[in-house]
Amino acid sequence: MDAQKTLDAKGLACPMPIVKTKKAMKEIETGEILEIQATDKGAKSDLTAWAKSGGHELLKTEEEDDVFYFWIKKG
Amino acid sequence: MSLNKMHASEVAAKIINKNDLFILDVRNEDAYADWKIDGESVTSMNVPYFDLIDGVEDILEKLPKDKEILVVCAKEGSSIFVGEELVEAGVQNVSYLPGGMKAWSEYLEPVKVSDLPGGALYQFVRIGKGCLSYMVESNGEAAVIDANRMIENYTSFAENKGLTIKATFDTHLHADHISGGKDLADQMGGTYYLPEEDAGEVTFDYTPLKEGDVFSIGDVKLEPVYSPGHTIGSTSFIIQDQFLLTGDILFVQSIGRPDLAGKAEDWVTDLRTTLYDRYKEMAGELTVLPAHFSKVEELGENGLVSAQLNELYRVNDGLNVEKEEDFRKMVTENLPPQPNAYQEIRETNMGKISPDEETQREMEVGPNRCAVN
């Protein structure tokens, strides 16, 4: 999936993946897509909940070799 | 002013002693709705940490001014983050829970049930998850029943008292938590017992637990009683003709559910027979000691969970369903959700899979849900 920006949050523990995601989202425009890579297991449920509460759309998630990939469209 | 730590043991003490505690739980809303720290003296509020990253101003006036505030999250990172924000904003008396809900899930509080000839009986209350395990000790010997996977709790307790753990017993194949029975027995050079009827798919060595065997731990007598229904192998223990360890068959405010191995319809008759015939024939003065509690209100003095058998026949709704048909409906329909990862937990307890410790922790997150409420 084509993303306008990619955030590498691998190796970071909660709350840093979301702290960095929030910051990165401010740097893209509404309708653009941010790709996030994280290894923290809690990131999945927290990013899902955060995207929902912030009015963003979680387009897709994937897991490969213990890395979680998320694509979020800014709302 | 700095952020304090309040360990799981201190949180448990506050709940048992009914001291006021205000909890700011910063996990996401689903996690909070599913499972949280409960207590009669506990007030809690849920604001996900991701809503507090830019500041805590919005919630300041909702926080009590005169109470200790404990910030809690899944592990601890976010609670430290939010806790420090609160301290910076001038809030007094703020702590976080080191290890978060995972530490809470793993904390065991040992409570003395009673003296026994040459020793005593202890209940280990896993207060965050509602699991109860037991240690019988007499004249330097000990046995552990329904051990949790955090076996250092039992080994250090035994070591402090100079006890040798001779035997570990599981009353049944557990579906809500990972058993420490096998590991504990192996580590201490003891014998691990499990009811044979539950062990059909077990891949490691165990010794069958059978009614008719009598175990002596020092001067104390343990008698297994076959009592199926939660599982087909469920076995209770009568200790010294005074205590009835019911496993997941009978709880203080509820009864066991027969469905966690997918056999609700088959096992409901066994459950009925155990509760309405087998236990009923026993002495009413027996003190019931279950393997779970579901509500903190069940914690009595010092945190002990127990009740007299004849009292339960008076007050426990699950023991007072006259018609078999109504009973069948109650225990097979409208059941609460199953425990988190219960299939994987059963497979772990059979030795079929061996997840690493972190995965085992994740699997056990949440309440036990072994009862029909």
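Definitions and limits used
Residues numbered from 1 in each chain as written. Chains lettered and ligands numbered in written order. Predicted model: local features only at pLDDT ≥ 70, side-chain atom pairs only at ≥ 80, totals over all residues. Domains from an automatic or database assignment. Contact = placed C-beta atoms within 7 Å. Helix = DSSP H or I, 4+ residues; strand = E, 2+ residues; numbered from the N terminus. Nonpolar A, V, L, I, M, F, W, Y, C, P; charged D, E, K, R; others polar. Pairing = 2+ DSSP bridges. Axes fitted to C-alpha atoms, helices over the stretch in contact; angles between N-to-C directions. Buried ≥ 20, exposed ≤ 12 C-beta atoms within 10 Å, placed from the backbone. Arc of directions from axis to C-beta. Core = buried A, V, L, I, M, F, W, Y, C linked by C-beta atoms within 7 Å.

Residue and element names in this part refer to chain B. Segmenting chain B into domains produces domain 1 (4-103) and domain 2 (108-368). Look at where the C-alpha atoms of domain 1 and domain 2 centre, and you get two points 32 Å apart. Contact residues are listed per partner, giving nine residues for domain 1 and 10 residues for domain 2. Residue contributions to the side of domain 1 that touches domain 2 peak at three residues, all from helix α1 (residues 8-16).

Let us now look at the interface of chain A and chain B. In this complex, chain A contributes 13 residues to the contact, which on the side of chain B involves 15 residues. Of all the elements in the fold, those that place two or more residues in the side of chain A that touches chain B are α1 (16-26) and α2 (43-53) of chain A. No other element matches α2(A), which puts five residues into the side of chain A that touches chain B. When its residues are assigned to classes, the side of chain A that touches chain B shows seven nonpolar, three polar and three charged.

Residue and element names in this part refer to chain B. Taken together, five strands build an open sheet; the order of strands is β1-β5-β4-β2-β3 and the sheet is parallel. Here the strands that pair on one side only, and so sit at the sheet edges, are β1 (4-5) and β3 (42-46). In this sheet, β3 lies alongside strand β2 (residues 21-25) in parallel orientation, the contact comprising five bridges. The residue of β3 that forms the bridge with Phe22 is Thr43. Helix α3 (residues 77-88) rests against β4 (69-72) and β5 (94-96) of the sheet, and its axis sits at about 170° to β5.

On to α1(B). Residues and elements named next belong to chain B. Taken together, the buried positions of α1 are Ala8, Val11, Ala12, Ile15 and Ile16. The buried residues of α1 occupy an angular sector of 130° when the element is viewed end-on, so they sit on one face. One or two positions beyond α1, positive phi appears at Lys18, with a value near 55°.

Moving on, we come to the environment of B:Thr168. For B:Thr168, the location among the structural elements is in strand β10 (residues 164-169). Not counting residues within four places of it along the chain, the set of residues in contact with B:Thr168 comprises B:Ala143, B:Val144, B:Ala147, B:Gly181, B:Leu184, B:Ala185, B:Gly190 and B:Tyr192.

For the rest of this paragraph, the subject is the nonpolar core. Residue and element names in this part refer to chain B. If you look at the biggest cluster of nonpolar residues, it comprises 118 residues, and the most contacted ones within it are Tyr134, Val136 and Val144. Formed jointly, this core draws a minimum of three residues from each of two domains, domain 1 (4-103) and domain 2 (108-368). What Val144 contacts, discounting residues up to four positions off in sequence, is Ser133, Tyr134, Met135, Tyr154, Ile165, Thr168 and Leu184. One finds Ile178, Ala341, Tyr342 and Ile345 within the second-largest nonpolar core, a separate group that totals seven residues.

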